[in-house]
Amino acid sequence: WDTTLNASYFDQEISKIAQRPNVLDLVDDTGGNVVGKPVNGLWSFDFAGLSDQGFPTFNLGDGEDPLRDIDFQDIEDITDYLVYEGPTQANFTGGLSNSFKYKNVDFSFFVTFAQGNKIRLAPTFSAVYNDLSVFSRDFNDRWLISGDENVTSVPTIPSGAQLSAYGQNTLTRAYNAYNYSTQRVADGSFIRMRNISLGYSFTSNVLSRLNLSQLRVSAQATNPFLIYSDSKLNGQDPEFIRSGGVAQPVPKQYTVSLNLAF
């Protein structure tokens, strides 16, 4: 039985920057830079629950309207009301490999892990939808009637009358802020089974009868499954989530091998 553990950890802190970030710079899924925090740190609007009409509201500071005073271009003291979530890059990664051999049977597996980063969930909420909109299962729990604000954090689908009363621009900013709020952040940590292998080497008696010097059969699975990831990802791969719209997820591969030597 052989075991190998490898791990790496890094710590970083921005000591000086020339650019003053605005709110959008910090809440975007790639994160932004603030003195005293790691590179590409993720920040969020502080979600304060739903209103009695099902609209998302936020803690924006004293005297600020939690619905109407949302400003993605604000640069003044924005870290006073935004919530720091963590870095977007994992700072603790590693792997664990184990190999076992008993007589003619060998078995091995390799597990990789990462921890320390946060992921912004996809911005699926909007004040206005159309026939091409695709809804996630989250909408099953949305606000429907007065009182639902006490049991759900998923905002309502605004009616035409509400859009007219509050203004479409106001509600659009509110729903965008919800997409970039503390409600829409997942833990990027994961544990993945990277490789599993099982093999059998035939005995010398069998080899002599077949006039072979080696005969081995094996089966291997590469990236077969995730052992752990945040349930808020709803099945999204934490390694793939920022790979781009044309990239493919980490593929699963299964291989059966027969090795002969004469």
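Since this is a predicted model, take the numbers as computed values, not measurements.

Caption draft 1: A look at the nonpolar core. Core analysis: the biggest nonpolar cluster contains 29 residues, and V23, F45, F58, I70, F72 and L82 have the highest contact counts within it. Mapped onto this core, the elements with two or more residues apiece are α1 (23-27), β2 (41-45), β3 (47-50) and α3 (168-179). The leading source of residues in this core is α3, at 5 residues.

Caption draft 2: Representation of α3. The end-to-end C-alpha distance of α3, which contains 12 residues, comes to 16 Å, matching closely the 16 Å that a straight helix rising 1.5 Å per residue would cover. Restricting attention to buried positions, one finds in α3 the residues T170, L171, A174, Y175, A177, Y178 and N179. The secondary structure elements touched by the buried residues of α3 are β2, β3, β4 (56-58), β8 (118-120) and α2 (160-166).

Caption draft 3: Here's a closer look at the sheet that holds strand β11 (residues 214-229). Across the sheet, 6 strands lie side by side as β1-β6-β7-β10-β11-β12; this open sheet has antiparallel pairing. Two strands bound the open sheet, and with one partner strand each, they are β1 (2-9) and β12 (253-261). Between one strand axis and the next, the sheet turns by 10 degrees as a mean value, whatever way the strands run. Note that β1 and strand β6 (residues 92-102) share 8 bridges and pair antiparallel. Note that in β6 the partner of L5 across the bridge is L96.

Caption draft 4: Here's a closer look at the packing of aromatic side chains. Using the criterion set out here, one finds 18 aromatic pairs in the structure. With centroids separated by 6.2 Å and ring planes inclined at 65 degrees, the aromatic side chains of F47 and F58 adopt a geometry described as edge-to-face. Of this pair, F47 sits in strand β3 while F58 sits in strand β4, placing them 11 residues apart in sequence. You'll find F47 and F58 in the same group, each marked buried. Ring geometry for Y200 versus F202: centroids 5.1 Å apart, planes at 85 degrees, classification edge-to-face.

Caption draft 5: Spotlight on unusual backbone geometry. Unlike most non-glycine residues, N211 shows phi in positive territory, near 60 degrees. Positive phi, normally seen in glycine, also occurs at N223, with a value near 55 degrees.

Caption draft 6: Inspection of the side chain of D106 at higher detail. With respect to the helices and strands, the residue D106 is situated in strand β7 (residues 105-115). There is a polar contact of 2.6 Å between the side chain of D106 and the side chain of R216. Residues within four places of D106 in sequence aside, it is in contact with F100, K101, S197, L198, G199, Y200 and R216.

Caption draft 7: Just the confidence of the model for the protein chain, in detail. In this model, the protein chain carries a mean pLDDT of 92, and residues with pLDDT of at least 70 account for 97%. Considering each helix and strand of the protein chain separately, the mean pLDDT is smallest for helix α4 (residues 204-210), with a value of 83, and largest for β2, with 97.

Caption draft 8: Representation of the pattern of salt bridges within the structure. Under the definition given, this model contains 6 salt bridges. Close ionic contact of D237 with R192 constitutes a salt bridge, the shortest N to O distance being 2.6 Å. Residue D237 is found in the loop between β11 and β12, and its partner R192 is found in strand β10 (residues 190-201); the two are separated by 45 residues along the sequence. Take D237: its relative accessible area is 12%, and that puts it in the buried class.

Analysis parameters
- Residues numbered from 1 in each chain as written.
- Predicted model: local features only at pLDDT ≥ 70, side-chain atom pairs only at ≥ 80, totals over all residues.
- Heavy atoms only, no water.
- Core = buried A, V, L, I, M, F, W, Y, C linked by side-chain atoms within 4.5 Å.
- Buried < 20%, exposed > 50% of the residue type's maximum accessible area, 1.4 Å probe, protein only.
- Helix = DSSP H or I, 4+ residues; strand = E, 2+ residues; numbered from the N terminus.
- Expected span 1.5 Å × (residues − 1).
- Contact = heavy atoms within 4.5 Å.
- Pairing = 2+ DSSP bridges.
- Axes fitted to C-alpha atoms, helices over the stretch in contact; angles between N-to-C directions.
- Phe/Tyr/Trp six-rings, centres within 6.5 Å; stacked < 30°, edge-to-face > 60°.
- Polar contact = N/O pair within 3.5 Å; in protein donor to acceptor, adjacent residues only side chain to side chain.
- pLDDT = per-residue confidence, 0-100.
- Salt bridge = Lys/Arg side-chain N within 4 Å of Asp/Glu carboxyl O.

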